[in-house]
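# Summary of structural features
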Number of protein chains: 2
Amino acid sequence: MSEYTSLNDLGEFGLIDVIQQSVKLQNTSTKTGIGDDAAVIEPGQKQIVVSTDMLVEGIHFDLTFCPLKHLGYKAVAVNISDIAAMNAIPTQITVSLAIGARYTLEAIQELYAGIRAACASYKVDLVGGDTTSSNAGLIISITAIGEVAAGEAVLRSTAKVNDLVCVTGDLGAAYLGLQVLNREKQAFMANPDMQPELEKKEYLVERQLKPEARMDVIYELKELGVKPTAMIDISDGLASELMHICTQSGVGATIFQDKLPADEQVLDTAEEFKIDPVTCILNGGEDYELLFTVPLSDYDKIRNHPDITIIGKMVDKQEGVRIVMPSGNAYPLQAQGWRHF
Amino acid sequence: MSEYTSLNDLGEFGLIDVIQQSVKLQNTSTKTGIGDDAAVIEPGQKQIVVSTDMLVEGIHFDLTFCPLKHLGYKAVAVNISDIAAMNAIPTQITVSLAIGARYTLEAIQELYAGIRAACASYKVDLVGGDTTSSNAGLIISITAIGEVAAGEAVLRSTAKVNDLVCVTGDLGAAYLGLQVLNREKQAFMANPDMQPELEKKEYLVERQLKPEARMDVIYELKELGVKPTAMIDISDGLASELMHICTQSGVGATIFQDKLPADEQVLDTAEEFKIDPVTCILNGGEDYELLFTVPLSDYDKIRNHPDITIIGKMVDKQEGVRIVMPSGNAYPLQAQGWRHF
C-alpha cells in the first residue's frame, strides 16, 4: 500500500476541505473566503486592482528541479508583483489548479504550503479557487486582488519626458539561475550519481526558484513620499518592459549600460556560459523587480536608496528607446521578451 | 500556405493586441481594463464578490461537438452563475488561456467571439487575463467579479428551518444533452456519413452547449422584494447542492419528487437511454439553475412565478435531507456530484 493519498479517493470536495482548513484569513476587507459560490470582499472607499497569471508545467516550470513548495510560493509572488506594479497593496488571491493523475494529496499539500507561506509573507488571504483534473501536468491559475486609494494607482501609460528611469534590485539572475538548473539537470540525467554543482550559483538559483515581489519598495516609496509616474514589473525582461512603458506613455527612453544593476554571480556565470551579460540583464526575464519612472524633482529622495538604481531618463518619442554603451555609442534597444507559443 | 494564422508567428503580445482591440468596456466601475499589470476597479460603497472556474479540454469539454464560440460563452456563463448565486451583479471578468499547439489565431478568435457575446449578454467587462501555451489541449480559467450592496450577499450557510426550497427553470437537461452528444459522436466515429439525430433533442443539446446564468431571476427577485435566505447555483446536481446548503446552514431538507421541474425532452430521453429520469434531475449537473431558500412569508410573492418552482422545505437537522416519492415514502437524498479526479 502506498503511503500517499490518491486524489481520486479523496475527491474534489475532500481536497477543498483539506485546503480550506489550512487557510487563515487576516485582512479585514475579506468578509467571506473559501466555501461559497464566491468570496465577498469589502474594499470600502478604495479602488481594487485585479491581475491574473497562469503557470503551466513544462512551459513555466520543471518539477525536476523546482520543489512544489517553491512553486507554490513563486506562483503567488509573480501575481503579487503585478499588484505591486500598480502601486497597490495585495489583499486576496484565488488559486485554481488542474492536476495531472500522478499528483498525490501530499504533493498538492506541499504546493499549498508554499502558497500559504507566500500569503503569510505578503499578508494576503486565499479566498477561493477551483480544483480539477488535467490530462497533462499541473496548471496553476492565480488571480490576485489589491487595494489602492483612488488616484494612487500607477499605470504604464503615464511616464513623462525628463522623468528618471529606475529599477529595483538587480537583473539577469533568474535567467542565469534557470541556465544553471538546466545544466545540472542534463548532467544528472547523463549520470544520476552526479552531485549538482551550485557553488557560487546560490543567488542565481534562489532568484529563479523563489522570486519575491518588491512590496518592500512600494511601502518604502510611500514613506519617502515618492509616487512613480509610471510602473511595470519586470517579468519578460527590462528591455521589453521599458518598451511597454514608452509605447503606452508615448515617450522615448535613454538608459545607460554601465548603470544596469547586476550581481557578481550574474557577471561570472554569464562569462562561464559564454552569454553576453548585458543580454541577460536586458532580456533575461523573471526578475520580478520593478521598473518605474519618477519626476526629476524626486532625485534626492531616491538617489541613496540601496535597492533602487537610476538607469536613465525618459526622452522625446522621436529619440526612440536607446541604450548608451560605456564607449558613448547609443543603440536602439531590442525587446526579445519571452515567446511562450 | 495555410489560410490560418499561427499563434507562434503572432506571439503573445500580438494575440493580446488582437483581443484588446475587440473589447469594449461598459461598466462605470471599470477604470482600467486590459493593458496594464492589473485592471483597476472602483466598486464605490459596494462589496465585491469574486469567483473562479477552470475548464479543461477532455475533462469539461469535447471540441468534437462543442463549437469554440459556444465554449467561450459557456465558460463565462458558468462563472456568472456563481456571481448570481451570491445575489450579486456581475461587472468584470478576467480570462486566462493555456493553448495547445494545434490552435490557430482564428480558433482563439472564435472562442473570444463567444466570450464577448457572453460579456454583452451579462453586461460584464473583460478586464484582463493571461495567455500562454499548453503541452496538451486548451485550458480556460476565468475569474468573475460582481458587486453587491453590503448585507445583500446571499450565502449558502444561512437557510433556516421552515424556509421554502426553490429552484429556477428545469433540471436534468444538460446531463442528457451530453449523453445525446456522446451517442452521436460514437455513431459519427463508426460511420462518418451519419447525420446526427438531434430531433426532439434540441433543448437538451442547447442546455449542454449554451447554458445561461439565471441573472434574470436575480433581477426579478429584487423587483419582487424577495431576498433568498440561502442560495447556490446547480453545477454539480440538485442533490449535491442541497446537501451543501443543509450542511453549511446546519439544517435538514425535505423535497418532493413530484415537484421537481423537468422538461418533457428530459423524461422522454431518459426513457430512451434507460436512465432513471429522477437521477438525471437530482444528480445530472451542469444545469446552472439556482437553488435557493426563502422565508415562508414570501410564498405569495413567488408561487406564480413561471421560472421558479417550490420543491420542498427546510427542516430540522435531525430529519436529514430527504426526498419524498409520489408513494409517500421518504428516502435519504444521495449526493453523487461530479468527480473530476
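Definitions and cut-offs
Residues numbered from 1 in each chain as written. Chains lettered and ligands numbered in written order. Predicted model: local features only at pLDDT ≥ 70, side-chain atom pairs only at ≥ 80, totals over all residues. Heavy atoms only, no water. UniProt positions renumbered as here; feature names shortened; annotations may be inferred. Least-squares fit on C-alpha atoms with pLDDT ≥ 70 in both. Domains from an automatic or database assignment. Contact = heavy atoms within 4.5 Å. Buried area = accessible area lost by both parts, 1.4 Å probe. Phe/Tyr/Trp six-rings, centres within 6.5 Å; stacked < 30°, edge-to-face > 60°. Helix = DSSP H or I, 4+ residues; strand = E, 2+ residues; numbered from the N terminus. Buried < 20%, exposed > 50% of the residue type's maximum accessible area, 1.4 Å probe, protein only. Lys NZ or Arg CZ within 6 Å of the ring centre and 35° of its normal. pLDDT = per-residue confidence, 0-100. Pairing = 2+ DSSP bridges. Axes fitted to C-alpha atoms, helices over the stretch in contact; angles between N-to-C directions. Parallel < 35°, antiparallel > 145°, perpendicular 65-115°, else oblique. Left-handed = near helix turned anticlockwise from the far one by under 90°. Salt bridge = Lys/Arg side-chain N within 4 Å of Asp/Glu carboxyl O. Polar contact = N/O pair within 3.5 Å; in protein donor to acceptor, adjacent residues only side chain to side chain.

As recorded in an unreviewed UniProt entry, chain A goes by the name Thiamine-monophosphate kinase, listed as coming from Adhaeribacter arboris. Its UniProt record, at the heading Sequence similarities (unreviewed entry), says of chain A: "Belongs to the thiamine-monophosphate kinase family."

### Here we look at the relation of the copies chain B and chain A
The operation relating chain B to chain A is a screw motion whose rotation component is 180 degrees, with 0.0 Å of axial translation and a residual RMSD of 0.0 Å. A rotation of that kind, with that shift, is consistent with a two-fold axis.

### Brief notes about the domain arrangement of chain A
A common way to report how large an interface is uses the accessible area buried once the components associate. Residues and elements named next belong to chain A. Assigned domains within chain A: domain 1 (7–148) and domain 2 (164–332). Spacing between the C-alpha centres of domain 1 and domain 2 amounts to 26 Å. Taken together, the contact between domain 1 and domain 2 spans 21 residues of the former and 21 residues of the latter. Summing both sides of the interface, domain 1 and domain 2 together bury roughly 1,900 Å²; the carbon and sulfur share of this comes to 62%.

### Notes on the packing of aromatic side chains
Residues and elements named next belong to chain A. Considering all chains together, one arrives at two aromatic pairs over all chains under this definition. Ring plane angle 45 degrees and centroid distance 6.1 Å describe the contact between Tyr-73 and Tyr-122, whose orientation is recorded as tilted. Of this pair, Tyr-73 sits in helix α2 (residues 68–84) while Tyr-122 sits in helix α3 (residues 105–122), placing them 49 residues apart in sequence. Residue classification places Tyr-73 among the buried positions, given a relative accessible area of 5%. Against the face of Tyr-73 rests Lys-210, its NZ or CZ located 4.2 Å from the ring centre.

### Brief notes about the confidence of the model for chain A
For chain A, per-residue confidence averages 93 on the pLDDT scale, and 97% of positions sit at 70 or higher. This model gives residues 337–341 of chain A a pLDDT under 50, and the stretch forms 27 contacts once residues within four places in sequence are excluded.

### Points about the sheet that holds strand β4 (residues 89–99) of chain B
The mixed open sheet is built from six strands, whose spatial order is β1(A)-β2(A)-β3(B)-β6(B)-β4(B)-β5(B). Strand pairing shows two members of the sheet lacking a second neighbour, β1 (30–32) of chain A together with β5 (125–133) of chain B, which therefore form its edges. The mean angle between the axes of side-by-side strands here comes to 20 degrees, regardless of whether they run parallel or antiparallel. As paired elements, β4(B) and strand β6 (residues 139–148) of chain B share nine bridges and run antiparallel to each other. Paired with Thr94(B) across the bridge in β6(B) is Thr143(B).

### Looking at the UniProt feature "domain: PurM-like N-terminal" (unreviewed entry) in chain A
The positions that UniProt labels "domain: PurM-like N-terminal" (unreviewed entry) are, in the present scheme, residues 35–148 of chain A. Annotated as 31% helix and 38% strand, the span residues 35–148 of chain A places its first and last C-alpha atoms 27 Å apart.

### A word on the pairing of strand β7 (residues 164–168) of chain A
All names here are of chain A. β7 sits mainly inside the fold: five of its five residues count as buried. Because side chains alternate across β7, one face comprises the buried residues Leu-164, Cys-166 and Thr-168, and the other comprises Val-165 and Val-167, equally buried. Note: β7 against strand β10 (residues 290–294), four bridges, orientation antiparallel. Paired with Leu-164 across the strands is Val-294, a residue of β10.

### Notes on the packing of helix α1 (residues 7–21) of chain B against helix α3 (residues 105–122) of chain B
Residue and element names in this part refer to chain B. Here α1 crosses α3 at 25 degrees, and the two axes come no closer than 11 Å. Our classification of the angle between α1 and α3 gives roughly parallel. In this structure, α1 meets α3 at a crossing whose hand is right-handed. Along its contact with α1, which presents Leu-7, Leu-10, Leu-15, Val-18 and Ile-19, the element α3 presents Leu-105, Ile-108, Gln-109 and Tyr-112.

### A look at the pattern of salt bridges
Residues and elements named next belong to chain A. Applying the stated criterion to the full structure yields 36 salt bridges over all chains. Here Arg-214 and Asp-216 are joined by a salt bridge, their closest N and O atoms 2.9 Å apart. For Asp-216, a relative accessible area of 32% gives the class partly exposed. Bridged by salt links that share partners, the residues Arg-207, Arg-214, Asp-216, Glu-289 and Asp-307 form one connected network.

### Re the UniProt feature "domain: PurM-like C-terminal" (unreviewed entry) in chain A
Under the present numbering, the feature "domain: PurM-like C-terminal" (unreviewed entry) in UniProt falls on residues 163–320 of chain A. Across residues 163–320 of chain A, the secondary structure splits into 43% helix and 17% strand, with the terminal C-alpha atoms separated by 15 Å.

### Some points on the interface of chain B and chain A
Listed per partner, the contact involves 71 residues of chain B and 70 residues of chain A. Contact between chain B and chain A buries roughly 5,500 Å² in total, counting both sides, with carbon and sulfur atoms accounting for 55%. For the pair chain B and chain A, the interface holds four salt bridges. In this structure, Arg156(A) engages Asp37(B) in a salt bridge whose closest nitrogen and oxygen atoms are separated by 3.3 Å. Seen at the junction of chain B and chain A, the total is 25 residue pairs in polar contact (both at pLDDT 80 or more). A per-element tally of the side of chain B that touches chain A places strand β3 (residues 47–56) of chain B first, with nine residues. Inspection of the sheet shows strand β3 (residues 47–56) of chain A paired to strand β2 (residues 39–41) of chain B by three bridges, in the antiparallel sense. Note that in β2(B) the partner of Ile48(A) across the bridge is Ile41(B).

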